[in-house]
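# Results of the structural survey
What follows is the residue order along each chain.
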2 protein chains.
Amino acid sequence: MSHYLNALFKPTSVAVLGVSENAERGGTSIFRAALKEPFGGRIYAVGRSGGEVDGQQIYRSIADLPEIPDLVFGAVGVRATPSAMVEAAEAGVKVGVVFTAGFAEMSPEGARAQQAMVEQCNHLGMRIVGPNCMGVFDRTSHLNLTSMKGVQDGSVGLISQSGNIALTMFTHARRHDLGFHSFVSFGNQADVPLIDYLEYMGQDDAVDVVLMYVESLQEVAGADFVRRARDVAAHKPVVAIKGGVTNAGRRAAASHTSRLSAAETIYSAAFRQAGIVEVTDLDHLLAVTEALLRCPPLKGSRIAIVGSGGGHSTIGTDCVERTGLDVPAFDSHLRTQFGQHLPPWAPVTNPVDMTGGFTEDLTLFRTLMCYPLSTDSYDGGLSYGLYGNSFKPGLVDDAGLTWESAAATLGALQAELGKPIVFYTPFAKDTAAEFTAMRRAGVPCYGSLAEAGAALGALRERGEFLARHDGASRSVLMPASTTSDAAPGGLVLTEFESLQILATAGVETVAQQQAGSPEAAASAADAIGYPVVLKAQLKDVAHKSDVGGVRLGLSTPADVRAAFVDMRHRLAVDETFVCSVSPQLDVDREILLGIRRDETFGHTVVIGVGGILTEVAARVAVLIAPTCFDEFCAAIARSPIADFMGEWRGKPAVDLQELHRLVNGLVEACIRDTGIQSIDVNPLVTVGARLVALDGAVVRDLSGSE
Amino acid sequence: MSHYLNALFKPTSVAVLGVSENAERGGTSIFRAALKEPFGGRIYAVGRSGGEVDGQQIYRSIADLPEIPDLVFGAVGVRATPSAMVEAAEAGVKVGVVFTAGFAEMSPEGARAQQAMVEQCNHLGMRIVGPNCMGVFDRTSHLNLTSMKGVQDGSVGLISQSGNIALTMFTHARRHDLGFHSFVSFGNQADVPLIDYLEYMGQDDAVDVVLMYVESLQEVAGADFVRRARDVAAHKPVVAIKGGVTNAGRRAAASHTSRLSAAETIYSAAFRQAGIVEVTDLDHLLAVTEALLRCPPLKGSRIAIVGSGGGHSTIGTDCVERTGLDVPAFDSHLRTQFGQHLPPWAPVTNPVDMTGGFTEDLTLFRTLMCYPLSTDSYDGGLSYGLYGNSFKPGLVDDAGLTWESAAATLGALQAELGKPIVFYTPFAKDTAAEFTAMRRAGVPCYGSLAEAGAALGALRERGEFLARHDGASRSVLMPASTTSDAAPGGLVLTEFESLQILATAGVETVAQQQAGSPEAAASAADAIGYPVVLKAQLKDVAHKSDVGGVRLGLSTPADVRAAFVDMRHRLAVDETFVCSVSPQLDVDREILLGIRRDETFGHTVVIGVGGILTEVAARVAVLIAPTCFDEFCAAIARSPIADFMGEWRGKPAVDLQELHRLVNGLVEACIRDTGIQSIDVNPLVTVGARLVALDGAVVRDLSGSE
C-alpha cells in the first residue's frame, strides 16, 4: 500500500535521537527496546556524545549515518528539538516523531516554537508527528517506538491523542481478548492530522477496526474530516471517544445556535455523519470495539433476550432499551417453543428466563436463541447467565460439554444467521478460558450488562450507517465550506437587515414594513390587514421580546399607534427609532434554524424548538454542512425533535425537502459572505405547508471583513 | 436491638424444610451449608422421609421438633409450600422464608395461592419473606441460609429483590475490598416490605451502609416508604438501584402528567426525597457504596483534580462535570505552590497534571492535593496516575516508600481535612495489595474514571441531603395521602368543571363566562373587555387546541361571534355546545402543574414547562406528596426547570411559596375526593407575581366513586 505514512509505520530505516551510553530514559530506553523487536529495517542511535549502547554505535549526528532514514524519533530536550528536527528534514528524512513535551500545550511561546518547527520541516518535505506524543508501533514492520511492551497482538488499530489513555486501552484489552496491530499517539497534532492516520489504518488490511481517542481536530479540518472518515467507515468499523467536554464555551456564547451546539454536540454530529461509532463512556470503549470486531451489524432494532436469572433479565432489558433498541414481546408460537425446554414457571415473554436450566444442558443458550433469531421478527440477541460460574467451577453437563466446549454453539448460530449475539455473565470481569472460547467463537462476552447494551447499540448504529451509505461516492449539494476563525464577539444585525439576508438566500420571510412614527405604523397596518405584529428594530439585541420590543395581536389602528408610542417611550435611545409591522400569521409551530461558523467543522447547523422556549426545551438536531438529503433526514429522525418535525398536534409534518433547501441556501450565503459569523432564524414558522421566517438575527464579525 | 426481624436475621432456632437423606439440592444443601457456619442457635432439619444428614436427625414435621423455631426456611415444592408454611405458623413460628418460586411471578393462580398463604400465616402471627427469594445471612448470628458461600465479610448490608444481582454484587465486591455483614433477598415481597428490612439494617450498628436492588415497592407503601427511609438515611448512607424501566406505561397513559412521570422518574423522586442515593448504572453501584462507606460527604460542589497524565485529566474532568460538580480553576497562589514541585511544562490549572513526577516521590499526590483542599475554595478531590503500574512493579521512590506504604498519606489528608478524596488508576480493575492499602486508608481506589465521577456525585448528593435534613422530625404540611388503584381509563371533565375544582382548592382561576350562543359570547366579551379568548367546552378531550377548540386574541364583538359560529360548526355534536369566554392575559410563562394518584407512591406532583410544547420540551420536576417547603425548593432547584422557574427573560421568578401552597391545596383536594385520578393544570401562567390557572383537566374514575 502506498501512503506517505508508510515512512512512519513501516519505515525501512529509523534513527532514534537523544541516545547516550549511560542514560536509562528517553531516547536510550526507546532505542534499546526497539532493538529487541524483530524490526526488519535498520535502526540507528544518534546522540551528541557518541559511544555505544547494547553493542550498537551511537552516531553523533544524522549526517554521520550510513543512510538517510525514513523516520527519526526525537526525545531530546524541548530547546534542542526544533534544530534537531530541521537538521533531519534537511538531510531528507520523511517523518519526524516528536516525543518531547513543552510546546503548544504549555505556553504561547511553545506554540510559536512548534509552529516554526513544523513550517520549516514541511518546507523541507518532512512531516511531524506530535509533539508531546508517545510514539508508534506496527506489527507488520515490527517497529515499536513506544515505552509500552507486552501489548497483546491483534487487529485493532489505535489512534490516541493521549499516551495514558492508550496505556489504559492496552491494559484493559486483555479483559476482552483484544489485541492491537498498530498504534500512534499524536499529542499536539501540530502537523499530520488525525484523518491521515485514520486513512492509513483504513487502507491497512491487517487492521479490522480502528479505535480513536480524540480531544480535538485541527482547525478548519472538520468538514473535510467528515467526508474522508466516511470513506474509511464505509468498509471498516471506526470507534471514537471524544475527551474534553467543557461547559465554558456554551455559557459564554452569544447566540441560541452557539449555546445549543456545544463542542461535544458538534463532534457527535460529525462522528455520526461520518459513520464513526461514538462512545461517551470510556468504560464501554473496548466493549464496543469487541462487538464491531466480532459481530455482524444489527440490521434492525428488535432484540431477543434469552438468559437465566430474573434480576439480570430486568437490568438487561433496561440496558438494551436505554440504547434506543426494542425488546418486543415473543408471540405464542415462540413461547410454545421455549416452553418445551423450560419448567412452567420460567418467564417466556421477551426476555426468556431459563431459571438455571442451562446447567444441565450447556447448549440451551443456543437452542433457545435460535427460535427468535430464525424468524424475521428479531434482529439480534442478548444472552446471559451464570456461565463460567466461579461457585461451580468445571461444570460439565449431561452431554459431556464444558463451558469451554459449549461456547462455540452460540458463535455458530451467529455465523449461520448473520445476526449478532452478545453474552453477559458477572464472572467475565475476570479473564478465563471459557470467556476466551466464547469470544473466539465470535460472541463478545461481557462482565457488565451496560457494556452489552452499549455493544448492541453500536452494532445498530453501524447497521444504520451501512444501510444509509451505499458505498458509492455521495453527491453533496455544495462544496465544502472554507472557514475562518470566528471573532470572540460579533455585531447582531437588526431584524430588518437580517431578514433581507435570509430572503436573498431563498428563505420566505414574513411581509414586513418599516415605520418610523405611530402614523406610519398604523397606515402600514392598514395596508397589511389586521391583526398585526409590531417589533422594535434594535441593533445588537438578540431577544427583543425580553425587553418589551414585541407586541402581538394589534387589531386596530389605534392599538398600533399606542403600541408604537409606548415602545418608543420605553426603548428608544434616539430619534431614529423604527418598528416593523407585519401580519400576524396563524402559526402551526415555531422552529429554530441556526447556522454557525465553527472553527473546526466549518458550518454547523442547528434545528430545534423555536420561540421563547428555545433554550428551556433545548431540543435540537445538529449537523455539519454540507449534508445530502438522506443524511439530513437521518439526523432529524434520531434527534429529540423527530416528533416535533413530524405530524404534530393535528398539524402537517414539516416539509423536510424544503427545510433542507433552506439550510443549504443559508450555508451557501455564509460561504459567500465570510463576514457572517452566525445566522439564527427564530422563529422559522410552519403555516400549513409553508416555512416562513418571522424573525432572524445575523451576527457579523466586528472586524467587518466581507 | 428489638425488632420483629431479629427472628429472621438473628433467630435462636431455625428449621429448614425439605431436607432428605439423599438429595443434593434445595433444603438439604442449604441445611448442610448452614450447619458448617458457627451459628450460635439451634438449626433443625425437617423432611417427610426422616432419616439423618451429616449426623443430624431429620424431623418428620415441625411438630416433632424439640422446640418451636423462630424461623423456618422453605424450599419444598410450590404446591406443598402453603400448607407447610401454615403448619409452621400454627406451631408458633415467627418468620417463614419461602425460597420456592412459581407464585405471583408466574401466573394469576400463583398470585392467589401466594395471597392466601400470606393471609393465613399473618392471621396466625407469622410473617413471610419472599416467595421466590434467595434467603438470608447475618454475620453477627452467623446464620447463612443462602447457597452463597465465601462472601467477603464487611459492613455492607444488602437488600436485593433478585438473587443473581446479589450474586453479582458479592462477586464484584472484592474489586472494591468491600464485604457484607447481612443480606436478605425478598423476591415477590408478598408480605414483609422492603422498608422493614431497611429499618432493620438501619438499626443494626454492624451495618455501615445499606445497598438495595429494587424492582418494585408494595402498592400504596410509597409515601410511607419515603418518610421511614428518610429516618434511616439521616444516620446511615443508603444506596439503591431501580431495575425495570419500561416505556410501555408512558406510551399508554392519557394525561400529560402521566406521560411525563414514568415509573423510573417517580422512584427517582422518592429516593431523592428520602435521602437515598440512587445509582442508575449497575456498574457504578459498588463504587458509590465504597465512597459512602469510606469518605466524608461532599459539603460543596467544587472539586480539585490533582493527577498525572493528560488524557486522564481530560476524561476525569468530563466525568466529574457530568455528575453536576464543578472543577473551578486554581488561582495564582495555588499555581505557584504546585509549581514548586513540578517541571515548568506541567499544567497547574485545575486539573494539575504532575506528568509522572510522582514516581520519584510517592507522596506527591498528598502534597499537591493538600494545597487546594486546605483552602475554603475546594470541597473534595480526585487524584489519579499510573499508581500500581504493572509495567513498573515494586516501584520504590527516593524516600524508600512503596506504593503500598505511600497509600496512607492520602487517607490521612482526607481524615485531617474532613473532605473526601477518591483515586483512579487504570490498574485498579485488578485486585492488588497497593489498592487495598489505599482503601484501608479510607481512599476509594477505582479502575474507572466514570466510577470515580459517580462516587463524587454520590458524596455530594449525600452532603446535600444531610444539610437539608437536620435530623429533627420534619413537620409535613398534611397527612400522608391514602390511595386507591387508579382505574385503567378515566373521564376527562370539561374545562369549566375542572376550573371549579381548582378554584375550590384555592387556585386562582381565570375569570370566565359560559356562553351557549354567538350573542351570549359577544356580550360576555363586552363585559370582560377585549381581547378575549374563546374555548370550546368539550368532555373527554385533553388537548382542545389540537382540534381547533381555542381562539386567541379576539378583539371585537363581531370577531367573537364569528369565532363561536365557526367553532360550533366544526366541533359541535349536539345543541348543547358551549364556549367559555375569558380575558386574554399578558402571560409571562406557561407552567404545567399535575397531580396524579400513583398506586405505589400515593400522590405524585409534576411541575414543568406548560402550553403546547409540554411534551416536546419534557422538562419537569417530579415530587412525591407531601413535601415540606425546603424539599419542594430543593426538588425544583435540581430539576431541568430550575432556570425556567427563576428570573427568566426579564420576568420575575415564580413565587415558589405560593406554588407550594397551590400544590398542597390540590393534593388535599385529591385526598378528600378519592374519585379524582389526576389533575392537570395546563397552563398555570405567571402574570407578574400572580399564578393563574387558565385551563385544567381533572380526570375522574369512570366508576364514579366519590
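All of these numbers come straight from a predicted model, not from anything done at the bench.

## Considerations on the overall build of chain A
Counting secondary structure elements, chain A contains 24 helices and 30 strands. Along the longest, intermediate and shortest principal axes, the C-alpha atoms of chain A span 95 × 80 × 40 Å. For chain A, buried positions account for 55% of its 706 residues.

## Considering the confidence of the model for chain A
All names here are of chain A. On average, chain A scores 88 in pLDDT, and the residues at 70 or more come to 92%. Note that residues 247-256 has pLDDT below 50 and, in this model, 20 contacts with residues that lie over four places away or in other chains. The model gives residues 471-488 a pLDDT under 50, and that stretch makes 37 contacts with residues more than four places away or in other chains. Scored by ipTM, the complex comes to 0.87, with pTM at 0.89.

## Focus: the sheet that holds strand β24 (residues 579-583) of chain B
Residues and elements named next belong to chain B. A sheet is described by the order of its strands in space; here four strands give the open sequence β21-β24-β22-β23, paired in antiparallel fashion. Looking along the sheet, the strands with just one partner apiece sit at the ends: β21 (513-515) and β23 (550-554). Neighbouring strand axes in the sheet, compared pairwise and without regard to direction, differ in orientation by 25° on average. Pairing between strand β22 (residues 532-536) and β23: three bridges, direction antiparallel. Each residue of the ladder has a partner; that of V532, found in β23, is L554. Across the sheet, helix α19 (residues 518-528) lies against β21, β22, β23 and β24, angled at about 20° from β24, the strand it touches most.

## Points about the relation of the copies chain A and chain B
Least-squares fitting of chain A to chain B yields an RMSD of 0.1 Å, with the transformation described by 0.0 Å of translation along the axis and a rotation of 180°. One copy is carried onto the other by what is essentially a two-fold rotation axis. Taking C-alpha positions as the reference, the residue of chain A nearest the rotation axis is A617(A), at 2.1 Å.

## What about helix α14 (residues 364-373) of chain B?
All names here are of chain B. The buried fraction of α14 is high, at eight of ten residues. Those residues of α14 that sit buried are L364, F365, R366, L368, M369, Y371, P372 and L373. The secondary structure elements touched by the buried residues of α14 are β15 (303-307), α13 (332-339), β16 (352-353), β17 (380-384), α15 (403-417) and β18 (421-424).

## What about the environment of L491(A)?
All names here are of chain A. On the secondary structure map, L491 appears in strand β20 (residues 491-492). Owing to 16 C-beta atoms within 10 Å, L491 belongs among the partly exposed residues under this scheme. L491 sits 210 residues away from D701 along the chain, and the two C-alpha atoms are 6.4 Å apart.

## Notes on unusual backbone geometry
All names here are of chain B. With omega at -5°, the peptide bond leading from A625 into P626 counts as cis. Of note, the bond from N682 into P683 is cis; its omega dihedral lies within 30 degrees of zero at 5°. On the secondary structure map, P683 appears in strand β28 (residues 676-687). In this structure, N132 is a non-glycine residue whose phi angle is positive, near 65°.

## Thoughts on the sheet that holds strand β14 (residues 277-278) of chain B
Residues and elements named next belong to chain B. Taken together, seven strands build an open sheet; the order of strands is β9-β8-β11-β10-β12-β13-β14 and the sheet is mixed. Each edge of the sheet is formed by a strand with only one pairing partner; in this case those strands are β9 (143-145) and β14. Both strand β10 (residues 153-160) and strand β11 (residues 180-185) contribute to a ladder of six bridges, which runs parallel. By the bridge assignment for β11, D153 is matched with F180. Of the strands in this sheet, β10, β11, β12 (209-214) and β13 (238-242) are in contact with helix α6 (residues 194-203), which crosses β10 at around 165°.

## Things to note about the pairing of strand β29 (residues 690-693) of chain B
All names here are of chain B. Strand direction decides the pairing type here: β28 and β29, joined by four bridges, are antiparallel. Its bridge partner being in β29, V687 is matched across the sheet by R690. Between β28 and β29, which pair antiparallel one after the other, the connecting turn spans two residues, and G688 there sits at a positive phi close to 60°.

## What about the pairing of strand β24 (residues 579-583) of chain A?
Residues and elements named next belong to chain A. Burial analysis of β24 places four of its five residues in the buried class, the great majority of the element. As paired strands, strand β21 (residues 513-515) and β24 are joined by three bridges and run antiparallel to one another. Paired with A515 across the strands is C579, a residue of β24. Bridge analysis of strand β22 (residues 532-536) against β24 gives five bridges, and the strand direction is antiparallel.

Thresholds applied
Once a new chain begins, its residue numbering starts again from 1 and follows that chain's sequence as written. To read the labels, note that chains go from A and ligands from 1, taken in the order they are written. Residues qualify for local features only when their pLDDT is at least 70, as the model is predicted, and side-chain atom pairs are given and counted only at 80 or more; totals for whole chains, interfaces and linings, by contrast, use all residues. Here a strand is any run of E in DSSP of at least two residues, a helix any run of H or I of at least four, and the numbering for each starts at the N terminus. Here the C-beta atoms are placed from the backbone, and a residue counts as buried if at least 20 other C-beta atoms lie within 10 Å of its own, exposed if 12 or fewer do, and partly exposed otherwise. pLDDT is a residue-level measure of predictor confidence that goes from 0 to 100. C-beta atoms are first placed from the backbone for all residues, and any pair lying within 7 Å is then listed as a contact. When DSSP finds two or more bridges between a pair of strands, those strands are recorded as paired. To define axes, lines are fitted to C-alpha atoms, for helices over the stretch in contact only, and angles between the resulting N-to-C directions are given on a 0 to 180 degree scale. What sets the superposition is a least-squares fit of C-alpha atoms, and only residues with pLDDT of at least 70 in both copies go into it.

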